[in-house]
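# Structural overview for review
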Amino acid sequence: MKHTKTITILHSDDLHGDFLAEQVDEKLVGSVSMLSGYIEKVRAEQPNTIYVIAGDMFRGSVIDSEYKGLSTIEIMNALAPDVVTIGNHEVDYGIAHLLFIEKCARFPIINANHYIKNTPTRLFTPYKILRVDGMNILFIGIITQDVINQTKSESLVGSFVDTAAAAAEVGKICNAHNSIDIDFTVLLTHIGFEEDRHLARQLDPAWGVDLIIGGHSHTLPEHAVEENGVVIAQAGTGTDQIGRFDIIVDTDNNCIDSYTWRTVPICADTCPRNPAMEQVLHRFTSQ
């Protein structure tokens, strides 16, 4: 008999400091308060819930720029994602400042691309393994070419420059964990939807990548797409919606048995506000 388990993966990308609700057709839409309320609601309903962010938490609001991302990290700490990858706007305040901000984060930030050339030492942890209901779920972070362009002045910092090199690095990481029973593998990328599809085509199925959750192109697809056996999705931009995967995992073969994907609108009708997040926001908005 086949052995299966269920997981729910909620995902955002390109939040860009979109922290406050907006009035749309006499309804309140968006905000990290209602986003947080929805995430906490799903976590209470579905114990095997993971929330991830596929880059670009920074830039786009006065709250973010005034504090150079430190306010954003405090807000993200209240949002409590399980794992995050960086986007191109995370380096807007400089690599050194980003590394300082990482120390302020109470959640793992992963990226397999950036390294210090003359060591070579990675700037970030390349992957994170989450243990959920007895399953080992591997997340690997991949960044966009735009970051290379923005960090050329950082002579000591290097990065993989195309999807072929990124795919090879994914293979190394996946193969390095052959001795561990990895039940499910997710790439958190910030390279754009079409580049996600290009990356998927370069992945060896033997590496066992199941899912690519991406960002950067602000794509809001009608449905998840499949490329080379890998399921790919994005969730647009900002906090007006969140992506949701409900997945049945075949734990015998370490792959997707079946899944559904949709975007959920973040609005006052369906998403309760989070009082703790409201307090964090009020401190910054009042200032």
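Refer to the structure presented above.
All of these numbers come straight from a predicted model, not from anything done at the bench. (Residues numbered from 1 in each chain as written. Predicted model: local features only at pLDDT ≥ 70, side-chain atom pairs only at ≥ 80, totals over all residues. Heavy atoms only, no water.)

### What about the sheet that holds strand β5 (residues 83-85)?
Operational definition: Here a strand pair is declared whenever DSSP counts at least two bridges between the two strands. Per the convention used, a helix needs a DSSP run of H or I reaching at least four residues, while a strand needs a run of E reaching at least two, with both numbered from the N terminus.
Ordered by their spatial adjacency, 6 strands build an open sheet running β6-β5-β4-β1-β16-β17, and the pairing between neighbours is mixed. The open sheet has two edge strands, β6 (109-110) and β17 (255-265), and neither has a second partner.

### Describing helix α6 (residues 163-176)
Counted only if it meets this: Expected helix span is taken as 1.5 Å per residue step, with the number of steps being one fewer than the number of residues. Think of it in three bands: residues with accessible area under 20% of the maximum for their type are buried, residues over 50% are exposed, and the middle band is partly exposed, with areas taken using a 1.4 Å probe on protein chains only. Any pair of residues with heavy atoms lying within 4.5 Å of one another is described as a contacting pair.
With 14 residues, α6 extends 20 Å between its outermost C-alpha atoms, agreeing within 8% with the 20 Å of an ideal straight helix rising 1.5 Å per residue. Of all the residues in α6, the buried ones are T163, A166, A167, E169, V170, G171, I173 and C174. Check the buried side of α6 and you find it contacts β8 (121-122), β9 (127-132), β10 (135-142), β12 (184-189) and α7 (193-201).

### Here we look at the environment of L187
Take L187: it is sitting in strand β12. On the accessibility criterion, L187 (0% relative accessible area) is buried. C-alpha of L187 to C-alpha of R244: the two residues are 57 residues apart in sequence and 16 Å apart in space. The residues touching L187, leaving out its near neighbours within four places in the chain, are I140, V170, L199, L203, V209, L211, I212 and I213.

### Regarding the state of the cysteines
Keep this limit in mind: Pairs of cysteine sulfur atoms within 2.5 Å are what we label disulfides.
Tallied over the entire structure, the rule returns 0 disulfides. You can see C174 has no disulfide; the closest cysteine sulfur is in C255, sitting 14 Å from it. Residue classification places C174 among the buried residues on the basis of a relative accessible area of 7%.

### What about helix α8 (residues 275-286)?
Here is the rule we go by: N or O atoms closer than or at 3.5 Å make up a polar contact, with two conditions inside protein: a donor-capable atom paired with an acceptor-capable one, and, for residues adjacent in sequence, both atoms drawn from side chains.
Between its first and last C-alpha, α8 extends 16 Å over 12 residues, near the 16 Å set by a 1.5 Å rise per residue. N-cap assignment for α8: the residue whose side-chain oxygen lies 3.0 Å from the backbone N of A276 is N274.

### Considering the pattern of salt bridges
Here is the rule: Here, a salt bridge means any Lys or Arg side-chain nitrogen found within 4 Å of an Asp or Glu carboxyl oxygen.
Tallied over the entire structure, the rule returns 10 salt bridges. Between R43 and D82 there is a salt bridge whose closest N-O contact spans 3.2 Å. Highlighted residues: R43 in helix α1 (residues 32-45) and D82 in the loop between α3 (70-79) and β5, separated in sequence by 39 residues. Two residues, E278 and R273, come together in a salt bridge whose shortest N-O distance is 2.6 Å. For E278, a relative accessible area of 28% corresponds to the partly exposed category. Through salt bridges with shared partners, a single network forms among E40, R43 and D82.

### Considering the nonpolar core
Using the following cut-off: Joining through side-chain atoms within 4.5 Å is the link that ties buried Ala, Val, Leu, Ile, Met, Phe, Trp, Tyr and Cys residues into a set, and such a set is a nonpolar core.
Judged by nonpolar contacts, the single largest core of 39 residues is most densely connected at I75, M76 and I242. For this core, the elements supplying multiple residues, two or more each, are α1, β4 (49-54), α3, α4 (95-104) and α8. With residues near it in sequence (within four places) discarded, M76 still touches L15, F19, V32, I53, M57, P81 and F107. Judged by nonpolar contacts, the second largest core, of 24 residues, contains V52, I110, A224 and V231.

### Topic: the pairing of β4
With 6 of 6 residues buried, β4 lies mostly within the body of the structure. Residues T49, Y51 and I53 line one face of β4 and the alternating positions I50, V52 and A54 line the opposite face, and both faces are buried. Of the pairings in the sheet, the one linking strand β1 (residues 4-12) to β4 comprises 5 bridges and is parallel in character. Each residue of the ladder has a partner; that of L10, found in β4, is Y51. Bridge count between β4 and β5: 3 bridges; the pairing is parallel. When the bridges of β5 are listed, I53 appears paired with V84.

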